[in-house]
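The chain contents come next:
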Amino acid sequence: MRFRRTLISAAAAGLLAAAAAGTGTGTAAAAGSAGSADGPRLAVDPPQEYYFLAEDGGDNSANRYMTRLTVENRGAAAVENVQAVYDLSSLKDKVTIDRLGWKCTRTDWVVTCPVSHIYDSSNLEPFALRSVKGLPLGELGQVHERFTSPYAAPAEHTRRVFNGRPEPRYGTHAPYTIPDSERGSFPKLTPVVGNAGRVAVPDGILLTVQVTDGAFTGERYSNCSYRSYVGSVTVASCRLKGELAPGTAYTTDGAFQGATDPCCRVKGAYYYDFSPLGNPPIGWDEGTPGTGRALGLKPVDANTARQTRGVMDFISAGDWQTDFAQTPLTLSGKVGQIVEERVPWPRNLGPDDPAELMDDGDWERFLSRLRVTVTLPEGVSLYPRQPNEQREEDLCDYTQDHRTISCRLHDWSYLRVRFDKKVEGAQGSLTIVYPDDLTDPNPSNDTAPLSVDITGTTPPSTGTTPSPTPSASATPTPTATTHAPASTTSETPPTGSMAATGTPATPLLATTAAAAVTLGTTLLAVRRRRT
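Let us look at the structure shown here. (Residues numbered from 1 in each chain as written. Predicted model: local features only at pLDDT ≥ 70, side-chain atom pairs only at ≥ 80, totals over all residues. Heavy atoms only, no water.)

Helix and strand counts for the chain come out as three helices and 40 strands. A separation of at least 24 residues holds for 78% of the contacts in the chain among residues at least 6 apart in sequence. As displayed, the chain has an accessible area near 25,000 Å², and 50% of this comes from carbon and sulfur atoms. (Helix = DSSP H or I, 4+ residues; strand = E, 2+ residues; numbered from the N terminus. Contact = heavy atoms within 4.5 Å. Areas by Shrake-Rupley, 256 points an atom, 1.4 Å probe, with all protein chains shown as cover.)

The next point concerns unusual backbone geometry. Across the junction of Asp45 and Pro46, the peptide omega takes the value -5 degrees, indicating a cis bond. Position of Pro46 relative to the elements: it lies in the loop between strand 2 (41-44) and strand 3 (50-53). Despite not being glycine, Asp93 shows a phi value in the positive range, around 70 degrees. The class of Asp93 is exposed, set by a relative accessible area of 57%. (Buried < 20%, exposed > 50% of the residue type's maximum accessible area, 1.4 Å probe, protein only.)

According to the stated counting rule, one finds four cavities of 30 Å³ or more in the structure shown. When its volume is computed, the largest cavity comes out at roughly 50 Å³. If you go around the largest cavity, the residues you meet are Tyr51, Asn60, Ser61, Asn63, Arg64, Tyr65, Arg99, Glu125, Phe127, Ala128 and Leu129. Classifying every residue of the lining of the largest cavity by side-chain character gives five nonpolar, three polar and three charged. (1 Å grid on protein atoms, 1.4 Å probe; cavity = no way out; pocket = protein on both sides within 12 Å on 5 of 7 lines; lining within 4 Å. Points joined across faces, edges and corners; volume = space filled by probe spheres on them. Nonpolar A, V, L, I, M, F, W, Y, C, P; charged D, E, K, R; others polar.)

Here the focus is the side chain of Asn60. For Asn60, the location among the structural elements is in the loop between strand 3 and strand 4 (67-72). At 3.3 Å, the side chain of Asn60 forms a polar contact with the backbone nitrogen of Ala54. (Polar contact = N/O pair within 3.5 Å; in protein donor to acceptor, adjacent residues only side chain to side chain.)

Tallied over the full model, the rule gives three disulfides. Each sulfur in the disulfide pair Cys224 and Cys238 lies 2.0 Å from the other. The chirality of the disulfide connecting Cys224 with Cys238 is right-handed, given an S-S dihedral of about 110 degrees. With Cys224 in strand 19 (residues 224-229) and Cys238 in strand 20 (residues 233-241), this pair connects stretches of sequence that are 14 residues apart. Through a disulfide, Cys396 is tied to Cys407; the S-S separation comes to 2.0 Å. Between Cys396 and Cys407 the sulfur-sulfur dihedral comes to about 115 degrees; the bridge is accordingly right-handed. In this pair, Cys396 is assigned in the loop between strand 34 (394-395) and strand 35 (397-398) and Cys407 in strand 36 (residues 405-408), connecting sequence segments eleven residues apart. When sorted by exposure, Cys396 lands in the same class as Cys407, which is buried. (Disulfide = S-S within 2.5 Å.)

What follows concerns the layout of surface pockets. Counted as a void, the second largest pocket has a volume near 580 Å³. Taken together, 22 residues form the lining of the second largest pocket, with Phe52, Asn63, Arg64, Arg159 and Asn279 sitting closest to its centre. At the level of elements, strand 3 and strand 23 (267-276) are the ones that each hand at least two residues to the lining of the second largest pocket.

With respect to topology, three strands assemble into an open sheet ordered 15-22-18, the strand pairing being antiparallel. This sheet does not close on itself; its edge strands, each paired only once, are strand 15 (185-189) and strand 18 (215-216). Judged from the three bridges that link them, strand 15 and strand 22 (residues 256-259) form a sheet pairing that is antiparallel. Bridged to Lys188 within strand 22 is Gln257. (Pairing = 2+ DSSP bridges.)

Now for the pattern of salt bridges. Here the structure, examined in full by the defined rule, presents 19 salt bridges. Across the pair Glu125 and Arg64 runs a salt bridge, and its minimum N-O distance is 3.1 Å. With Glu125 in the loop between strand 9 (121-124) and strand 10 (127-131) and Arg64 in the loop between strand 3 and strand 4, the pair connects residues that are 61 residues apart, well separated along the chain. The class of Glu125 is partly exposed, set by a relative accessible area of 27%. When the shortest N-O distance is used, the salt bridge between Glu219 and Arg293 registers 3.8 Å. In this pair, Glu219 sits in the loop between strand 18 and strand 19 while Arg293 sits in the loop between strand 24 (288-289) and strand 25 (297-300), placing the two residues 74 residues apart along the sequence. Here Glu219 falls in the partly exposed class, since its relative accessible area comes to 40%. Among the charged side chains, a network of salt bridges with common partners joins Glu340, Glu389, Arg391, Glu393 and Arg416. (Salt bridge = Lys/Arg side-chain N within 4 Å of Asp/Glu carboxyl O.)

Glancing now at the sheet that holds strand 32 (residues 371-375). The strand order 29-39-38-32-36-35 describes an open sheet built from six strands, whose pairing is mixed. The open sheet has two edge strands with one neighbour each: strand 29 (329-335) and strand 35. With five bridges connecting them, strand 38 (residues 427-433) and strand 39 (residues 447-457) associate as antiparallel partners. Pairing of Gly428 across the sheet is with Leu450, part of strand 39.

The next point concerns the pairing of strand 36. For a regular strand, side chains alternate in direction, first toward one face of the sheet and then toward the other. Both strand 32 and strand 36 contribute to a ladder of four bridges, which runs antiparallel. Note on strand 36: the bridge partner recorded for Arg371 is Arg408. Across two bridges, the pairing between strand 35 and strand 36 is antiparallel. Paired with Asp397 across the bridge in strand 36 is Ser406. Counted between consecutive antiparallel strands, the loop separating strand 35 from strand 36 contains six residues, among which His402 sits at a positive phi close to 60 degrees.

This next bit is on the packing of aromatic side chains. The geometry of two aromatic rings is summed up by the distance between their centres and the angle between their planes. Considering all chains together, one arrives at 16 aromatic pairs under this definition. Measuring from ring centre to ring centre gives 5.5 Å for Tyr86 and Phe127, while their planes differ by 80 degrees; the resulting arrangement is edge-to-face. Taken together, the residues Tyr86 in strand 5 (residues 79-87) and Phe127 in strand 10 connect sequence positions 41 residues apart. The class for Tyr86 is buried, based on a relative accessible area of 0%. For Phe127, a relative accessible area of 2% gives the class buried. (Phe/Tyr/Trp six-rings, centres within 6.5 Å; stacked < 30°, edge-to-face > 60°.)

Honestly, it's all geometry; don't read function into it.
Put into structure tokens, the structure is as follows:
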């Protein structure tokens, strides 16, 4: 079985950078360095070559005019006092400016937007445009963009504006069932793309193909770039040149095929779409170029491209079933001590990952429906979250009936208890509770023992007895009268058991966030695979 857990989306690093840009002012690059060869430079990346308006003054609110302004060779300091100037004079009387962006001003057909400082990049939305009714279809004019700062070399870019827009369409692909004899191999996909709009895609398309739960195998085309993401998602981005005229459709002259570990059944899909070659998606990462032949396009009947999404679903054959088996747990310590242990994951003895059966393959949503219920051994009491206690981990707690102890199932869920007395042979239990729409062929192993190993008694305290309600400054002493570990998150252990000794430890999420800031990287997904 393959478990998947997403910690933080791939946008985490960008959000950290954006947060820094929004809260700090930094120090501007040294004056006079703007013209030097090794000084900071403003740049438009990726440059957007075209902007398509809805014809006859139609609603264009979802079609944002955006510029991604970056700083090259920045060094450690931000570039400050940036000014973005958009000259729309060639569009006079052909468009209306419906609204201006934040702090932007307009003088005739020139829009100016100040940007206080830029660290790595900034997405600018200077205005919203709408075409004037009655204009012919086609190119209307240009927007000339200029970006300056006293502390960086300037950047200029021209974007062509069209009345009317292409309407992407895609082929229809029947769902595919993978027979056991082909386990590990995915079906082949031949994308079909078309244009149902009334304006052409001028210079070609950027075709993006994604496969879930696997990687592309076979030929890697030289005009495609490939990138794999943690979480078993692989993307191919292919540059296909040539105009895509209205009312036409094409299919690729080569196929894409994915594969995965043959250990497990899968439920996945290919997804594909395209954008104008001159308008790559903002944030697009090319990846590694292929070394095979160039992928091309062949014309097909326009009626073969009628879907608004390009998708091909596939699923392994056979009866899907999962035999959950709860994992035992032993709590160790002394009488009077408070300990906590991570709630153990159940084992999965079947061949299938139940999360794959979700309609969207959303493991997080599936995981939110799982619980572990706990019956404590005699002599042990639950120590749940205390009033005003601040911590990032989840603690098991009583349900609304105040009888059942329930634990969420993920990597930062902990069972915290106090050893009140030693009772020979005392034993509790852990039981996995799963959604009703899952079938477990062997429910007898859904419950596992919860044992205790008490090795002695905590020595009496020589100081003041701590308050039973933890405070932000309280550090517990390992005595028979200790009621809780300190409530500060810096004293919460990330893994394993913790005696109430006051030994500082950094929590899992705090450690993870600190690492992201220190390394300047993105936290990706973690996949737990059955062994």
